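These are the residues of each chain, in order.
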Amino acid sequence: YSYAFDPSEDEPIQISDRSDDISEADLRQSLVEEDGDIWCDGMAERVLGDVELVSEDAETATFSFTPTAPPDADDMERLVIERTTGTMVIDKQSEQIRSFSYHLQESFKPVIVARVHAFDLQGACVASASGRAYLSELTIAIDVSAMGMRQTETTIQRVENVEAAL
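Remember, it's a predicted structure, so these values are computed and weren't measured experimentally.

Student: Describe the state of the cysteines, with residues and values.
Tutor: Under the defined criterion, the tally for this structure stands at one disulfide. Each sulfur of the disulfide joining Cys-40 and Cys-125 lies 2.0 Å from the other. One disulfide, between Cys-40 and Cys-125, carries an S-S torsion of -100° and so falls in the left-handed class. In this pair, Cys-40 is assigned in the loop between α1 (24–32) and β3 (51–56) and Cys-125 in strand β8 (residues 114–127), connecting sequence segments 85 residues apart. Overall, Cys-40 belongs to the buried group, its relative accessible area being 2%.

The structure is reproduced here in structure tokens:
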């Protein structure tokens, strides 16, 4: 799907191309929610525990934290996320997230017949024309085995052509 978003309009979302992957109603709802999947400022709710400043330079500050699973996470997602260490790079001037990552520190067995060997998630955030940072790229790499079969998968999702509505 392709759409234009202009929060100053009465109908802020103008959809130009349709897709069968998501209904128009669901798309509109996800775009107007403050914590929608595309917006990086929604990541703040995933940082509810202790936070430690890891490094700092003139432009950014990097923090380490134990991520909190989202309320709608399923049991497996919760098990993985709660065993990761997160890092977040914050732009000092805009106070917006530039990037974030989750890294599984050690493999674990969520059930007797399966093991999660590795999990890495990396996100990059870019300021939109309105100034609100959105998730421009998300990379998820996972290495699991179950019932003697090992599977490694890397998924890259990109959000492109984000433009201000004219």
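Student: So what's going on with the nonpolar core? Which residues, and what values?
Tutor: In terms of nonpolar packing, the biggest core is built from 21 residues, with Met-88, Ile-97, Phe-100, Tyr-102 and Cys-125 touching the most fellow members. Those elements giving two or more residues to this core turn out to be α2 (75–81), β5 (84–91), β6 (97–104), β8 and β9 (133–146).

Student: Describe the pattern of salt bridges, listing the residues and the values that go with them.
Tutor: Applying the stated criterion across every chain, the model contains five salt bridges. With a closest N to O distance of 2.8 Å, Glu-56 and Lys-92 form a salt bridge. On the criterion of sequence distance, the pair formed by Glu-56 in strand β3 and Lys-92 in the loop between β5 and β6 is long-range, its members being 36 residues apart. With a shortest N-O distance of 2.7 Å, Arg-158 and Glu-137 are connected by a salt bridge. With Arg-158 in strand β10 (residues 149–158) and Glu-137 in strand β9, this pair connects stretches of sequence that are 21 residues apart. Residue classification places Glu-137 among the partly exposed residues on the basis of a relative accessible area of 27%. Shared partners join several salt bridges into a network, and the residues in it are Glu-59, Asp-91 and Arg-98.

Student: So what about the environment of Val-51? Which residues, and what values?
Tutor: Within the element layout of this structure, Val-51 appears in strand β3. C-alpha separation for the pair Val-51 and Phe-65, spaced 14 residues apart in sequence, amounts to 4.8 Å. If we ignore the near neighbours within four places in the chain, the residues touching Val-51 are Phe-63, Ser-64 and Phe-65.

Student: Talk me through the packing of aromatic side chains; I want residue IDs and the actual numbers.
Tutor: The tally for this structure, following the rule as stated, stands at one aromatic pair. Centre to centre, the rings of Phe-65 and Tyr-102 are 6.4 Å apart; their planes meet at 80°, and the pair counts as edge-to-face. Separated by 37 residues along the polypeptide, Phe-65 in strand β4 (residues 60–65) and Tyr-102 in strand β6 bring together distant segments of the chain. Of the two residues examined, Phe-65 and Tyr-102, each falls in the buried class.

Student: Now, about a negative patch on the surface: what can you tell me, with residues and values included?
Tutor: There is a patch of like negative charges on the surface, built from Glu-45, Asp-72, Asp-74, Asp-75 and Glu-77. Tracing the backbone shows Asp-72 in the loop between β4 and α2. Under the relative-accessibility criterion, Asp-72 is labelled exposed at 69%.

Student: Describe the side chain of Asp-143, naming the residues involved and giving the relevant values.
Tutor: In this fold, Asp-143 is placed in strand β9. Assessed through its relative accessible area of 14%, Asp-143 is described here as buried. The residues touching Asp-143, leaving out its near neighbours within four places in the chain, are Arg-115, Val-116, His-117, Ala-118, Arg-150, Gln-151 and Thr-152.

What counts and how
Going along each chain's sequence as written, the residues are numbered from 1 onward. In view of the model being predicted, local features appear only for residues whose pLDDT reaches at least 70, and side-chain atom pairs are presented and counted only at 80 or more, with totals across whole chains, interfaces and linings using the full set of residues. Excluded from the side-chain calculation are hydrogens and water; included are all heavy atoms of the structure. Criterion for a disulfide: a pair of cysteine sulfur atoms at a distance within 2.5 Å. Each helix is a run of DSSP H or I of at least 4 residues and each strand a run of E of at least 2, with the numbering of both proceeding from the N terminus. Partly exposed residues are those whose accessible area sits between 20% and 50% of the maximum for their type, while under 20% is buried and over 50% is exposed, using a 1.4 Å probe and protein chains only. Each nonpolar core is a collection of buried residues, namely Ala, Val, Leu, Ile, Met, Phe, Trp, Tyr and Cys, held together in the definition by side-chain atoms within 4.5 Å. Put simply, a salt bridge is a Lys or Arg side-chain nitrogen that is within 4 Å of an Asp or Glu carboxyl oxygen. Contacts were defined at the residue level, with two residues in contact if any of their heavy atoms lie within 4.5 Å. Classification of ring pairs rests on two measures: the distance between centres of Phe, Tyr or Trp rings, Trp counted by its six-membered ring, which must be within 6.5 Å, and the angle between planes, read as stacked under 30 degrees, edge-to-face over 60 and tilted in between. Within the patch definition used here, like charges are joined within 9 Å and nonpolar side chains (Val, Leu, Ile, Met, Phe, Trp, Tyr) within 5 Å, considering only residues with over 30% relative accessible area and no salt bridge. The Shrake-Rupley method, run with a 1.4 Å probe sphere, supplies the accessible areas, and residue values consider only the shown protein chains as cover. In summary, the charge assignment counts Lys and Arg as positive and Asp and Glu as negative, without counting His or the chain termini. Charge placement uses NZ in Lys and CZ in Arg. For Asp and Glu, CG and CD serve respectively.

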